[in-house]
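Each chain is listed here by its residues.
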Amino acid sequence: MADLLVKLYDLQFTDIYPDNLKENGIEIRRSLVPEKLLVSAWVNKTFGAAWASECEVSFAQQPVSCFVAIKSGQLLGFSCYNATFKGFLGPIGVEPKYRFIGIGKVLLLSCLKAMAYQGYAYAIIGSIGAKDFFDQSITTFEIPDSSPGAYKGILKYHD
Ligand SMILES: CC(C)(COP(=O)(O)OP(=O)(O)OC[C@H]1O[C@@H](n2cnc3c(N)ncnc32)[C@H](O)[C@@H]1OP(=O)(O)O)[C@@H](O)C(=O)NCCC(=O)NCCS
């Protein structure tokens, strides 16, 4: 799977929070350092140890480079940037029962907006696993010869 390039300077960041999420009490915000173990444990349980490792690094950044989706004190999703590589967006994931209602798109745009405000002109989405989601949410450009990319040869966790 190829990496994708995102032109941050072309994105519109107004009205990224749709009414249906607000009306359903779903909040999306930057996470806080005291939430690190809670968020990484949830990511580990839901998506595995590799993503939890990346997520933990995002909590070592200032400001924290992890956004979370929350409803009634329950975590529904997360997204990170500057975790494994500078300028990279990801990982991103939403609780299966809460998919297809717009949470992933707001998490994605929240990270991209934060990157734009931190001075990045471009973001890279590494070895994407949900191309249709990214295609539906933003304009991206496939980076030639980027597979296998920067994650080439990474050690895999075994059960
Ligand atoms: C990818 C993921 C984060 C999307 O989260 P989500 O909350 O369901 O996404 P949204 O509801 O915000 O979807 C935004 C748009 O993408 C579309 N979309 C989302 N997932 C899709 C899929 N698997 N196939 C096709 N379209 C998809 C939605 O229909 C929506 O389109 P619309 O704006 O035209 O209505 C979620 O499916 C997930 O956690 N997947 C497993 C982890 C993963 O693969 N992460 C990406 C790895 S790089």
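Criteria and cut-off values
- Residues numbered from 1 in each chain as written.
- Predicted model: local features only at pLDDT ≥ 70, side-chain atom pairs only at ≥ 80, totals over all residues.
- Heavy atoms only, no water.
- Salt bridge = Lys/Arg side-chain N within 4 Å of Asp/Glu carboxyl O.
- Helix = DSSP H or I, 4+ residues; strand = E, 2+ residues; numbered from the N terminus.
- Buried < 20%, exposed > 50% of the residue type's maximum accessible area, 1.4 Å probe, protein only.
- Arc of directions from axis to C-beta.
- Contact = heavy atoms within 4.5 Å.
- Near = heavy atom within 4 Å.
- Polar contact = N/O pair within 3.5 Å; in protein donor to acceptor, adjacent residues only side chain to side chain.
- Areas by Shrake-Rupley, 256 points an atom, 1.4 Å probe, with all protein chains shown as cover.
- 1 Å grid on protein atoms, 1.4 Å probe; cavity = no way out; pocket = protein on both sides within 12 Å on 5 of 7 lines; lining within 4 Å.
- Sits in = over half its atoms within 2 Å of the grid points.
- Nonpolar A, V, L, I, M, F, W, Y, C, P; charged D, E, K, R; others polar.

A. The arrangement of the pattern of salt bridges in detail. Going through the model one piece at a time under the given rule, you end up with four salt bridges. Two residues, Asp-19 and Lys-22, come together in a salt bridge whose shortest N-O distance is 3.7 Å. Note that Asp-19 and Lys-22 are positioned in helix H1 (residues 19-23) at a spacing of three residues, about one turn of the helix. Assessed through its relative accessible area of 47%, Lys-22 is described here as partly exposed. Its salt-bridge partner being Asp-135, residue Lys-131 comes within 2.9 Å of it at the nearest N-O pair. Here Lys-131 pairs with Asp-135, and both are found in helix H5 (residues 131-137), just four residues apart, close to one helical turn. Overall, Lys-131 belongs to the partly exposed group, its relative accessible area being 33%. One salt-bridge network, held together by shared partners, links Glu-27, Arg-29 and Glu-35.

B. Highlighting helix H3 (residues 49-58). Within H3, burial applies to Ala-52, Glu-54, Cys-55 and Ser-58. Around the axis of H3, the buried residues are gathered within 160 degrees of arc, so they sit on the same side. Tucked inside the fold, the buried residues of H3 contact helix H2 (36-47), strand E3 (66-71), strand E4 (74-81) and strand E5 (88-94).

C. Quick peek at unusual backbone geometry. Going from Gln-62 to Pro-63, the amide bond is cis rather than trans, its omega being 0 degrees. Relative to the helices and strands, Pro-63 resides in the loop between H3 and E3. Of the consecutive residues Gly-90 and Pro-91, the connecting peptide bond is found in the cis state with omega at 0 degrees. Tracing the chain through its elements places Pro-91 in strand E5. We note that Asn-82 has phi near 50 degrees; this positive angle belongs to a residue other than glycine. Within the element layout of this structure, Asn-82 appears in the loop between E4 and E5.

D. Representation of the site of the ligand within the structure. Around the ligand sit 19 residues, and of these Val-94, Phe-100, Gly-102, Gly-104 and Lys-105 come closest. Take Val-94: an N or O atom from its main chain is 2.8 Å from an oxygen atom of the ligand. The side chain of Gln-136 places a nitrogen or oxygen atom 2.8 Å from an oxygen atom of the ligand. In isolation the ligand exposes 920 Å². Once the protein is present, 72% of that is buried. Because more than half of its atoms lie within 2 Å of the grid, the ligand is assigned to the largest pocket. Those elements giving two or more residues to the shell around the ligand turn out to be E5, helix H4 (103-117) and H5. Per element, the largest residue contribution to the shell around the ligand is five residues, and it comes from H5. The class makeup of the residues in the shell around the ligand is 10 nonpolar, six polar and three charged.

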